[in-house]
Amino acid sequence: MSKHVVATPGGRCVEVGAQVTFEGRTWQVTGLVDGRVHLAAEDGATGCVLAAHLVSAPGFSVTGPTAVEPPAPALWETVPLAAQERALAWLRHIREVETGLPSGPASGGVPRPEYDPQRFTLAEREEVKARELAALGWIRASRTTVQRMRLVYQRQGL
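Residues numbered from 1 in each chain as written. Predicted model: local features only at pLDDT ≥ 70, side-chain atom pairs only at ≥ 80, totals over all residues. Heavy atoms only, no water.

Caption draft 1: Representation of helix α4 (residues 122–135). Taking 1.5 Å of rise per residue, the 14 residues of α4 would be expected to cover 20 Å, and the 20 Å separating its terminal C-alpha atoms lies within 8% of that figure. Listed in full, the buried residues belonging to α4 are Arg125, Glu126, Val128, Lys129, Ala130, Glu132 and Leu133. Where α4 is buried, its residues touch α3 (81–99) and α5 (143–156). Taken from the residues just after α4, glycine 137 is the one with a positive phi, measuring 95°. (Helix = DSSP H or I, 4+ residues; strand = E, 2+ residues; numbered from the N terminus. Expected span 1.5 Å × (residues − 1). Buried < 20%, exposed > 50% of the residue type's maximum accessible area, 1.4 Å probe, protein only. Contact = heavy atoms within 4.5 Å.)

Caption draft 2: Representation of the packing of α3 against α4 within the structure. Direction vectors running N to C along α3 and α4 enclose 145°, while the axes themselves pass 9 Å from each other. The two elements α3 and α4 cross, and the hand of that crossing is right-handed. Here Trp90, His93, Glu96, Val97 and Glu98 of α3 come into contact with α4, specifically with Leu122, Arg125, Glu126, Lys129, Glu132 and Leu133. For the contact of α3 with α4, the class distribution of residues is 4 nonpolar, 1 polar and 6 charged. (Axes fitted to C-alpha atoms, helices over the stretch in contact; angles between N-to-C directions. Left-handed = near helix turned anticlockwise from the far one by under 90°. Nonpolar A, V, L, I, M, F, W, Y, C, P; charged D, E, K, R; others polar.)

This is the structure:
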């Protein structure tokens, strides 16, 4: 098995970008290094846990597929882990602004009311996201920052 994938007891794979539930929270896998799984939560919190502990923990589940096609492993590994975590954390927020859903339109579900594209303009959703991130303690989380990050992801991807 690739060092970029961890198999769960149920046979599902955990890979970079996958969404998992662990210790009652939803996390995104930001890295798999030396038997450890690096995680990022929607509120910006990060964690690192042994893969064996993660997949055997009570309540653990893979809740979503890889949120985005990760870059080529050789390229992705050259990016510092902190930058990988930030990139994946921003991606969920950008998708929510653009589509109303943190995992994108194919994930199904119902947008939170303030991110519903049928009710609010893109600029309004960017403003709401900026306020939300600022309330979570994200530094320099202005509407302009959210817009800039969204445009960078559109041009360059992850």
